[in-house]
Structures are given as C-alpha cells and as structure tokens.
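What follows is each chain in one-letter form.
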Amino acid sequence: EELLLPKDVMPELKDYHTAEIALDFFVENGRIVWANGALRLFHKDLPGIEAGHFNPYTPDDSIIQQVQQAAEKLGVTFGPLKADFMQDERYGWVLQEMAVRLSGGFDSSYTCPLATGKDIYGAYLDMALGLPLDRGKLEDK
C-alpha cells in the first residue's frame, strides 16, 4: 500500500483523499454477487484517519473481474467476501485486502441499508444458516 500512488476518485474534494473503496460481496457456487460499496474519505492533514464515506459506490466491471479471480484463486465458494481497493495513478484499481466476512463498520451495517434499503445482514445471516443467497435482499429499494 505504501508503494501505491493514490489517484482520487473525487479530486474536487480538496481536503480529502478519495482513492479507496470498500466493497461487500457474497459468493454462491463460486460466483460473486455484489452487495455493497462505499467510497472512503480520508483527511489529508490527518494521515490514516477516515473522515467518512459515500454509500452507495458501484464498482466497475474491471473491479468485479478482479474480485472474481481472487475468490477463485483463494478457493472461496460460499459466503461473504469483502474487498478493499485503492486507485493507483499507474495501475488503476489495485486490490489491497480481501477477507471472508463483510466489511463491517458503519457503511455495511448502517449507511448501506439507509441509502439503498438493502438487507445485507439478513442475507449474511441466511447464508450463515446454510440457506441459499436471497438476492432480493440485495436489491435497491
């Protein structure tokens, strides 16, 4: 991460770094399903301190393909999957972190349901109980 050259998604927000996104997916039968995304804001004058985020943020096809490839390489076939990306001046979107859980925090638990009406945690709990993914819970309301 220290070697990347961040490229802001929203350069008009001069006091903030806007090069990072946090994404939530579900994996069913080895195929990823996008659930949630947030564009993260970091204070420029307070390194590492997150100022907030915009939700929803919809990833482009290149990001979706990277997550699908990473899930396949890691052998993830069922359940939640979070992915954090940074946009780099040279390489475009770079995968920084991936884990078999939801991104957690304020964006997936609060602002996503508020902004979109999605029931991400309902879908998460269903899958934890071994039920199939209810894609209706991931639709914008």
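Being a predicted model, the structure only gives us computed values, none of them experimental.

Basis of the calculations
Residues numbered from 1 in each chain as written. Predicted model: local features only at pLDDT ≥ 70, side-chain atom pairs only at ≥ 80, totals over all residues. Heavy atoms only, no water. Core = buried A, V, L, I, M, F, W, Y, C linked by side-chain atoms within 4.5 Å. Buried < 20%, exposed > 50% of the residue type's maximum accessible area, 1.4 Å probe, protein only. Helix = DSSP H or I, 4+ residues; strand = E, 2+ residues; numbered from the N terminus. Polar contact = N/O pair within 3.5 Å; in protein donor to acceptor, adjacent residues only side chain to side chain. Contact = heavy atoms within 4.5 Å. pLDDT = per-residue confidence, 0-100. Pairing = 2+ DSSP bridges. Axes fitted to C-alpha atoms, helices over the stretch in contact; angles between N-to-C directions.

S.K.: Whenever I open this one, the nonpolar core confuses me. Can you help?
M.R.: Nonpolar side chains tend to gather and get buried jointly when the protein is soluble and globular. Ranked by size, the top nonpolar core spans 17 residues in total, and within it I21, V67, L81 and F85 carry the most contacts. Secondary-structure elements contributing two or more residues to this core are β1 (16-28), β2 (31-43), α1 (61-74), β4 (78-88) and β5 (92-99). Core analysis: the second largest hydrophobic core is formed by 10 residues, V33, A35, I120 and L138 among them.

S.K.: Explain the side chain of E28 to me, please; I cannot follow it from the model alone.
M.R.: Summarising the element assignment, E28 is placed in strand β1. For E28, a relative accessible area of 14% puts it in the buried group. Separated by 2.9 Å, the side chain of E28 and the backbone nitrogen of L133 make a polar contact. When near neighbours in sequence (up to four residues on either side) are disregarded, E28 contacts T77, P132, L133 and R135.

S.K.: Mind showing me how you'd approach the confidence of the model for the protein here?
M.R.: Note that predicted coordinates carrying low pLDDT should not be read in detail. Summary statistics for the protein give a mean pLDDT of 94 and a share of 100% for residues scoring 70 or more. Ranking the helices and strands of the protein by mean pLDDT puts α1 first, with 97, and helix α2 (residues 105-116) last, with 88.

S.K.: Mind showing me how you'd approach the environment of N36 here?
M.R.: Tracing the backbone shows N36 in strand β2. Between the alpha carbons of N36 and A22 there is a distance of 8.2 Å; along the sequence they are 14 residues apart. Every residue in contact with N36, bar those within four places of it in the chain, is listed here: A22, L23, D24, N55, D107, S108, C112, K118 and I120. Polar side-chain contacts of N36 include one of 3.0 Å to the side chain of N55.

S.K.: Can you help me understand the sheet that holds β2 in this one?
M.R.: In a beta sheet, neighbouring strands pair by backbone hydrogen bonds and run either parallel or antiparallel. Reading across from one edge, β3-β2-β1-β4-β5 is the order of the five strands in this open sheet, with antiparallel pairing throughout. Two strands close off the open sheet at either side, each with one partner strand: β3 (50-54) and β5. Strand after strand, the sheet turns through a mean of 30 degrees between neighbouring axes, direction not considered. Two elements, β1 and β4, share nine bridges in a ladder whose sense is antiparallel. By the bridge assignment for β4, V27 is matched with G79. Packed onto the sheet, α1 meets β1, β2, β4 and β5 and runs at close to 40 degrees relative to β5. Each of β1, β2 and β4 is contacted by helix α3 (residues 120-128), which is oriented at about 40 degrees to β1, the strand it contacts most.

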